[in-house]
Amino acid sequence: MTLDAVGLEVMGHAFASIAEEMGLVLIHSAVSPNIRERRDCSAALFDAAGEMIAQAAHIPVHLGAMQESVAAARGLAPPPAPGDIFILNDPYTGGSHLPDITLIGAIEVDGAVGGYSVVRAHHSDVGGVQAGSMPAGAREIFAEGVIVPPLRLTDDVERFLLANVRTPETRRADLAAQRAAVKRGAEGLRGMAARYGWAAVREAATDLLDYAERRARDALGRLKATDLTATDWLEGDGAGDADLGVSVRVDIADGVFHVDFTGTAPAARGNVNCPLAVARSAVLFVVHTLLPEDVPTNGGVQRAVRITAPPGCLVNARFPSAVAAGNVETSQRIADTVFLALAAGGIAVPAQGQGTMNNVTFGASGWTYYETIGGGQGASHGAPGPSGVHVGMSNTRNTPIEVLEMDYPLRLKTYALRRGSGGGGRWSGGEGVIREFEVLAPMEASILAERRRHAPRGAAGGRDGERGSTCLNDVPLAPKVSVSLAPGDVLRLETPGGGGWGKPERGDNG
Amino acid sequence: VRVGVDVGGTFTDLVALADDGTIEVRKVVTTPEDPAVGLFHALDPLKPPHAVELLVHGTTIATNALLERRGARIALVTTKGFEDLLWLRRQDRAALYDLARDHPPPLVARSDVVGVAERTGPAGVLEPLGEDEVQRVVAALRALVPPPDALAVALLFAFRHAEHERRLVAALREALPNVPIAASHEVLPVFREFERASTTTVEAYLRPKVSAYLGRLERDVRARGIGMLRVMTSSGGTLSPGAAAGRAASLALSGPAGGVIGARLVGAAVGLPDLLTLDMGGTSADASLVSGGTPLGDGGGVVAGIPLALPAVLIETVSAGGGSIARIDEGGALKVGPESAGAVPGPACYGRGGARPTVTDACLVLRWLDAQHPLADAVRLDRDAAEQALSSLGMASDASAIAAGIVAVAAAVMARALKRVSVARGFDPRRMALLPFGGAGPLFGCQLAEALGMRTIVIPPHPGALSALGLASAAERVDLIASFHRPLDDVPSGDLGAAFAPLLEEGRGQIPGGALLRYADCRFAGQGYEVTVPVTGDDPRRIREAFLVEHRARFGHAASDQPVELVNLRVVALREGPLPRFADLRRVVQRPGASRPITLRGARVSASVWALDELAAGVTIAGPAILAGRNATALVEAGWRGMVHQCGAVLVQRT
């Protein structure tokens, strides 16, 4: 520990502002609505040893998982050289699911690799059997799109990638924005080195990681948790409709938050599997909600988190399991299950929120579109759950109706809060959302959703939130489904409400 | 005489600019219940008052109404099926990890939203608006109890096809002649329904209060024989009270915009058109950027948690002001802000009951401020109280080391704001000058310049009243915008000219004889954010070239083979104010007064002390030096040298 109280704060701001700049460059120059409007992307700065120093606050599911990307690049032979830029989306080597394409820049400082600037963005098309690259019925990863193992991003690699997607021009433009953001991160770190001296910057990064770890361990050390267990359910895997259990055991000892997934269902035939990196992100998300808000989001917090899972189980999937929904839905369920376990141990956590991202992809030859829909947040002790927001592992924005209708053959008939869907309680859960699309041209659609059978649970006597539903022309669909649509079809999603907190008291409801 | 009056939260500043270049500065206490009272307290002693030809007013009336939620009771009329638009926002949550936190509620109650059966899409009307439906909507609004004070009308796609909105507004105006109505196609005719609807509600929410205030003010001003009253807008131009009353939402950043305009003016006077500006006040600091003599604009702002997408001078606010409170967090890091001691009780050294350490206390302990030299509000500073507050942090250091830490952290927070307006937007601060102002801003100039690699600092004349100076010499300016969504390559030159024509005509009408500047918001086809470039001539190829240059500068890449599209056309009608001559016969001080020991970078050094407001042109000041003015104090650190410019600004450069 060499940084004093002042240095910590000063250097923390300097690193954080680099990550912020990277994020702004990406959002302001990307082309696809999923990145520029919905901001389904994250930017972070890593040290040369592969620990995250700073991250722009974007999407929780990207938080803990990007370190695997850096590890994958660092594990290549020959190792990263200063100035190299790597690309990957392989969930089994540093990725999460195929649409998340990650660029990793090895930052040159004084002739050596001084750190990594990393930008992950969800591309709404990486090829595969269905437009949108989130097919509901995939049984192997090969159906989900082109697999890019960690590679140096050359023109040839980019050409190969673009030859495998339906919308190469859009992908090319988004990749250019991603590359620009990676370069901005590199310039930022070099700028810091020039100002403070490289040795001081490196030491500061080390100290900031230690500081975040210390804060995390302090806060976790105040919680008592031994052998807290819970199981929650995924509603089918797209290939079959049977429930799949996610089981956790949580122990907090010596300021370390340990989650063990023994008892979780084995790898599924369909696409709800996820690599351990995604499970780590989900646990890390829960841990961050337990920490004071000013604890920096960096690799130091991860040191206070331990994950164990049997190899080959749903949350520690093995090649070539399909994973598209694992990143977006299983990650939500993992966070929900860990919260349930904590609640069982008497720790005051919020009631369950909608617990799904309600992933909807549309597409046909030449275009693809992806969005996720918010719902109800679970109520907390002391506050009702916010309505119509993304909960848990997502925090993407909506696509404005006017953008959607100008760019795609879709029309929105309704976009509204779903009244009464939040669970009652001393504090009520947030309301879900109704979003109703009218289809204007032939297209395929894929919906990956959850909480259609198992309602988001209330806490401490609060009522459950309403379950969600997906209907095509008023006919209910399975939670995970791919369908062909014709002009005039109406697809209506009603997203779940959040659970309530505490028994309702007369005249005292949220 | 041109007069600028900036009514801030605590003080009302006045600057009077005489034709001979003389500047008169006054500071009085703001009267929040009726800001006009304080305004006239400052104005009335001017002799002779009838000589005031122009009074330009910067006001926080709109900002405060939003912050305190004390605007009008409004109703919103919107497309049926989408009545929850304002509650759905953009569906992202208020805080990533604090799951209990929610966004501030909209300005309208949900029960006061009326859905209209109609629908327009990208290509035109999909569901016609029937006359019966118009009458039903009128009746529904009449039936609201209590009746709304103002109405907002925001229909889907009205930015492109405004016919339905026009018909509703016409019917409502006829039925409710005394109720102001804000229509989205007039307030902000650009795409993205949530931001447009939100901005339209802001306009309706503010209009009754703002128009009543400005109406009263105009009468009082006229009664005093003052020639003309104008009001500063968020975009840095001024409007007549009548025009401003109908564009109330455009006053939301009236105060901060005046400061940036003042900074730009001083930059022009010293020949530095590229500036990073920092206004450090009591509770917060505002960073902004002037490029090529033009303040950088921003169309995506949020005020008091409510999205407000009108053209505005870019302002990045951080909670680092003189009153920001320092504390040690659980992990042992020193934090400054966001809590502030405000004006009451104020910093510990004010002796008004504040006990927690603030940035001002730290500056006093370092002796950057002089206990004997009263600040603007005429309080004497108590160094013992400041030291006591600092030691309450329990840090194992002496008071001056703690003070140095507080100052360094505050500077880091401000540096981050300065980076957000510069580096993050593709502007290299190393090629710009830093212009710090506000009472305490000039104390931080050297630290901030070093953090950003800058070599030049401009300490403006009267840094504590720069906003009022900006007002006194601000341009008359109207910002006009029209949606024009087309691939650039498909636009014949003639179409562009025809599309600009109505904007130019309105600009000419609003500011007769003013300059008319044309701009286009462009992007690569498919992008979601636009880059605004000047339009010279009607040749689309020149717009394309300008866009590519600008995009590459900001984002580091620009593919020359990608299609470019136009999104909006803008016209700025402008009549510049006169550049003040800044000649001031009272500026005679050639030498420092007694020097005093101060603490800088952990060392005790002797600083020369100068009277900031009276420095004669050409004087050279070697750091370390303290420049103490009536309303502000500046610090020139070792390794920097100041030179007093003719206009009274001090140009500080690295030696």
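The notes below deal with the structure included here. On a predicted model such as this, the values are computed, not experimentally measured, just so you know.

Re the interface of chain B and chain A
For step 1, the next point in the chain: Contacts between chain B and chain A engage 68 residues on the former and 80 residues on the latter.
For step 2, the next point in the chain: Taken over both partners, the interface formed by chain B and chain A buries close to 6300 Å², and the fraction arising from carbon and sulfur atoms is 53%.
For step 3, the next point in the chain: The tally of links between chain B and chain A comes to nine salt bridges.
For step 4, the next point in the chain: For the salt bridge of Arg 90 of chain B with Glu 37 of chain A, the shortest nitrogen-to-oxygen distance reads 3.1 Å.
For step 5, the next point in the chain: Remark: the boundary between chain B and chain A carries 29 residue pairs in polar contact (both at pLDDT 80 or more).
For step 6, the next point in the chain: Those elements that provide at least two residues to the side of chain B that touches chain A are helix 3 (85-88), strand 7 (119-121), helix 7 (193-223), strand 22 (334-340), helix 12 (399-421), helix 13 (445-451) and helix 16 (540-555) of chain B.
For step 7, the next point in the chain: When residues of the side of chain B that touches chain A are assigned to their parent elements, the largest contribution, eight residues, is made by helix 12 of chain B.
For step 8, the next point in the chain: Among the residues forming the side of chain B that touches chain A, the class breakdown is 30 nonpolar, 14 polar and 24 charged.

Let's talk about the sheet that holds strand 16 (residues 469-472) of chain A
Residue and element names in this part refer to chain A.
For step 1, the next point in the chain: With respect to topology, five strands assemble into an open sheet ordered 13-14-19-16-17, the strand pairing being antiparallel. One side of each edge strand has no neighbouring strand; the edge strands of this open sheet are strand 13 (410-418) and strand 17 (475-476).
For step 2, the next point in the chain: Two elements, strand 13 and strand 14 (residues 432-439), share eight bridges in a ladder whose sense is antiparallel. In the sheet register, Leu 410 faces strand 14, and the bridge partner there is Val 439.

Looking at helix 12 of chain B
An α-helical turn contains 3.6 residues, so a residue and the one three or four places further along point in the same direction.
For step 1, the next point in the chain: Between its terminal C-alpha atoms helix 12 of chain B stretches 34 Å, which fits the 33 Å expected from 23 residues at 1.5 Å a residue.
For step 2, the next point in the chain: Most of helix 12 of chain B is tucked away: 19 of the 23 residues are buried.

Brief notes about the environment of Val 389 of chain A
For step 1, the next point in the chain: One can find Val 389 of chain A in the loop between strand 12 (367-371) and helix 11 (401-407).
For step 2, the next point in the chain: For Val 389 of chain A, a relative accessible area of 3% puts it in the buried group.
For step 3, the next point in the chain: Between the alpha carbons of Val 389 of chain A and Leu 98 of chain A there is a distance of 25 Å; along the sequence they are 291 residues apart.
For step 4, the next point in the chain: With residues near it in sequence (within four places) discarded, Val 389 of chain A still touches Gln 354, Gly 374, Gly 375 and Gln 377 of chain A together with Gln 91, Asp 92 and Arg 93 of chain B.

Notes on the sheet that holds strand 5 (residues 112-122) of chain A
Residues and elements named next belong to chain A.
For step 1, the next point in the chain: If you trace the six strands from one edge of the open sheet to the other, you get 2-1-5-4-3-6, paired in antiparallel fashion. Edge positions in the sheet fall to strand 2 (52-55) and strand 6 (151-152), since each has one partner strand and no second.
For step 2, the next point in the chain: Pairing analysis gives four bridges linking strand 3 (residues 85-88) to strand 4 (residues 100-109), with the strands arranged antiparallel. Bridge pairing in strand 4 links Leu 88 to Thr 102.

A closer look at the pattern of salt bridges
For step 1, the next point in the chain: Across all of its chains, the model carries 70 salt bridges over all chains by this definition.
For step 2, the next point in the chain: Its salt-bridge partner being Arg 303 of chain A, residue Asp 210 of chain A comes within 2.8 Å of it at the nearest N-O pair. Here Arg 303 of chain A lies in helix 9 (residues 299-303) and Asp 210 of chain A lies in helix 7 (residues 198-221), a separation of 93 residues in the sequence.
For step 3, the next point in the chain: For Asp 210 of chain A, a relative accessible area of 28% translates into the label partly exposed.
For step 4, the next point in the chain: Judged by its relative accessible area of 27%, Arg 303 of chain A falls in the partly exposed class.
For step 5, the next point in the chain: The partner of Arg 356 of chain B in a salt bridge is Glu 339 of chain B, with the nearest N and O atoms 2.9 Å apart. With Arg 356 of chain B in the loop between strand 22 and helix 10 (359-365) and Glu 339 of chain B in strand 22, this residue pair connects regions lying 17 residues apart in the sequence.
For step 6, the next point in the chain: Within the structure, one salt-bridge network assembled from shared partners comprises Asp 232, Arg 333, Asp 336, Glu 450, Arg 451, Arg 457 and Lys 480 of chain A.

About the cut-offs
Residues numbered from 1 in each chain as written. Chains lettered and ligands numbered in written order. Predicted model: local features only at pLDDT ≥ 70, side-chain atom pairs only at ≥ 80, totals over all residues. Heavy atoms only, no water. Contact = heavy atoms within 4.5 Å. Buried area = accessible area lost by both parts, 1.4 Å probe. Salt bridge = Lys/Arg side-chain N within 4 Å of Asp/Glu carboxyl O. Polar contact = N/O pair within 3.5 Å; in protein donor to acceptor, adjacent residues only side chain to side chain. Helix = DSSP H or I, 4+ residues; strand = E, 2+ residues; numbered from the N terminus. Nonpolar A, V, L, I, M, F, W, Y, C, P; charged D, E, K, R; others polar. Pairing = 2+ DSSP bridges. Expected span 1.5 Å × (residues − 1). Buried < 20%, exposed > 50% of the residue type's maximum accessible area, 1.4 Å probe, protein only.

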